[in-house]
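For reference, the chains in residue letters:
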Amino acid sequence: MIPPGLDRELADVVGTRWVLTRPGELLAYTSDGLPGYRHDPALVVLPGTRDEALAVVRLLARRNVAFVPRGAGTGLSGGALADGTVVLGLNRLRRILEIDVDNGWAVVEPGVVNAHLSRAVAAYGLHYAPDPSSQSACTIGGNVAENAGGPHCLKYGVTVNHVLALTVALADGSVVTLGSTEGEVSGYDLLGAFVGSEGCFGVVLDATVRLTINPPAVRTMLADFPTIDSAARATSAIIAAGLVPAALEMMDQPTIQAVEASIYAAGYPVDAAAVLLIELDGAAAGLDDDVARVAAACRDGGARDVRVATTEADRQRLWQGRKKAFGAMGRVSSHLVVQDAVIPRTRLPDVLAEIGRIGREEGVTVCNVFHAGDGNLHPNIPYNGNDAGETQRVERAMVRIMEACIAAGGSVTGEHGIGVDKLPYMPRLFSEATLGSMCRLRDCFDPERRMNPGKVVPVRSCREWAMSPAARR
């Protein structure tokens with residue numbers, strides 16, 4: 001419960017328009033990009049400036065109110081849900097404050113959309129490398145919270161590799177700076193601890209992020225395979241050959257057919273069991289030799305065809321199909337569940353076969369579109385959420401898939417975070433002592449645990465919540 005009059009006090013800070021309390025206004029904030037979970041926030045406050053955001057944090061501290069920081073709401077683990085508490089939306093803080101071309105960094109507010117940053121620095125021959133599929137909507141602050149990845153993270157690394165410094169408001173309203181643009185700092189790596197903390201450690205007021213020089217040459221390839229197994233084995237063969245593509249993505253036939261039936265059609269072969277979308281970049285000299293080696297690895301692995309994009313428009317078209325695959329699945333059914341797990345790359349053939357078997361046994365269609373080069377799986381299941389029987393089969397299939405990934409030596413998230421969705425798996429992966437260490441680390445930033453309560457670490461109260469039927473509908 002929130003204290004009486006809090007909405008009026010928040011309105012004094014940000015203006016009445018930016019405090020949402022009506023059920024219709026709150027509806028958009030009851031879920032994130034994983035709509036299987038719904039929580040009702042007490043209210044949503046949307047500051048428009050850094051000073052307003054800090055004033056809101058300090059007001060909530062004085063009133064001892066729990067709150068959940070939220071960016072664009074594109075997260076896929078239920079990480080930005082608020083159950084009877086306050087949502088602090090940061091999507092209005094979308095200014096790019098500084099671009100330092102010579103040193104290759106930019107200072108941005110947390111609500112800057114990922115793709116907008118790359119667009120803003122394109123004229124300088126630079127880009128922001130982490131590129132989640134939701135990059136046309138997701139925000140840099142949200143990327144920091146989830147340590148987001150993306151197709152090109154195979155070569156360039158995830159968000160933590162591209163954040164130099166953060167200015168952060170802690171739960172008590174104090175402001176700290178983590179990291180530095182001046183290189184490595186002494187002491188503990190608090191910046192590294194903060195990135196990926198899922199909004200439990202603090203509110204990002206601004207982020208200094210590394211900008212990457214655009215590669216002088218790029219080659220994008222599409223290889224189609226008659227079986228998923230052959231595509232999985234070709235993936236390992238490419239990496240084993242000593243090649244490091246900028247991106248190495250796989251889509252299976254259900255995904256291909258969903259894309260090709262949508263406005264995002266990219267010219268993928270609809271009769272292929274799987275395709276690999278492979279991108280190589282770097283100096284032009286020698287790049288075509290690497291293309292030939294990748295093509296040979298694909299053909300040796302059983303590829304029916306390997307083609308290279310001949311124009312930038314062709315390349316963009318191939319990527320559009322991949323990046324919009326989740327959106328294309330919206331035509332398949334009314335609901336979609338998206339999972340995220342990482343396995344050792346060499347286990348891809350076994351685990352993909354197991355996922356196929358689980359889908360058949362549960363009578364659900366699993367669409368696989370994922371970062372094959374990283375072993376980062378994204379099994380998706382379109383379904384009718386209004387059909388209780390089908391919903392139960394989908395939930396059962398997802399649990400079995402996650403257990404299969406754990407049994408293969410994997411983990412339960414590569415880039416989507418833990419949120420509330422992965423809480424039940426944490427005790428399988430970590431000992432009580434390790435989970436306790438995570439809690440104590442959190443206490444260093446937020447000893448009262450008012451920020452994003454009930455996420456990431458399954459303390460006793462969280463486990464009870466997770467088992468409550470009323471909490472998940």
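These lines cover the structure that appears in this document, whether it is placed above or below. Owing to the predicted nature of the structure, the values given are computational and were not obtained by experimental measurement.

1. Considerations on the packing of aromatic side chains
Under the defined criterion, the tally for this structure stands at 3 aromatic pairs. With centroids separated by 6.5 Å and ring planes inclined at 65 degrees, the aromatic side chains of Phe-194 and Phe-201 adopt a geometry described as edge-to-face. Taken together, the ring pairs connect Phe-194, Phe-201 and Phe-445 into an aromatic cluster. The cationic tip of Arg-92 hangs over the ring face of Trp-18; the distance from NZ or CZ to the ring centre is 3.6 Å.

2. A look at the sheet that holds strand β9 (residues 175-179)
Overall, antiparallel pairing links the 5 strands, which are arranged β5-β6-β10-β8-β9 in an open sheet. Of all strands in the sheet, those bounded by a partner on one side alone are β5 (96-100) and β9. Along the sheet, successive strands turn relative to each other by an average axial angle of 10 degrees, direction set aside. Two strands pair when backbone bridges link them, and β5 and strand β6 (residues 105-108) are joined in this way by 4 bridges, in the antiparallel orientation. When the bridges of β6 are listed, Ile-99 appears paired with Ala-106. Helix α3 (residues 50-62) rests against β8 (163-169), β9 and β10 (203-210) of the sheet, and its axis sits at about 135 degrees to β10.

3. Side note on the nonpolar core
Among the nonpolar cores identified, the biggest contains 85 residues, and Leu-117, Ile-140, Leu-166, Phe-194, Met-250, Cys-298 and Leu-377 are the most heavily contacted of them. Excluding residues that lie within four positions of it along the chain, Ile-140 makes contacts with Val-108, Pro-110, Val-112, Asn-114, Leu-117, Tyr-128, Ala-207 and Val-209. Counting 24 residues, the second-largest nonpolar core is a separate cluster that includes Leu-6, Val-19, Val-56 and Val-65.

The rules behind these values
Residues numbered from 1 in each chain as written. Predicted model: local features only at pLDDT ≥ 70, side-chain atom pairs only at ≥ 80, totals over all residues. Heavy atoms only, no water. Phe/Tyr/Trp six-rings, centres within 6.5 Å; stacked < 30°, edge-to-face > 60°. Lys NZ or Arg CZ within 6 Å of the ring centre and 35° of its normal. Pairing = 2+ DSSP bridges. Helix = DSSP H or I, 4+ residues; strand = E, 2+ residues; numbered from the N terminus. Axes fitted to C-alpha atoms, helices over the stretch in contact; angles between N-to-C directions. Contact = heavy atoms within 4.5 Å. Core = buried A, V, L, I, M, F, W, Y, C linked by side-chain atoms within 4.5 Å. Buried < 20%, exposed > 50% of the residue type's maximum accessible area, 1.4 Å probe, protein only.

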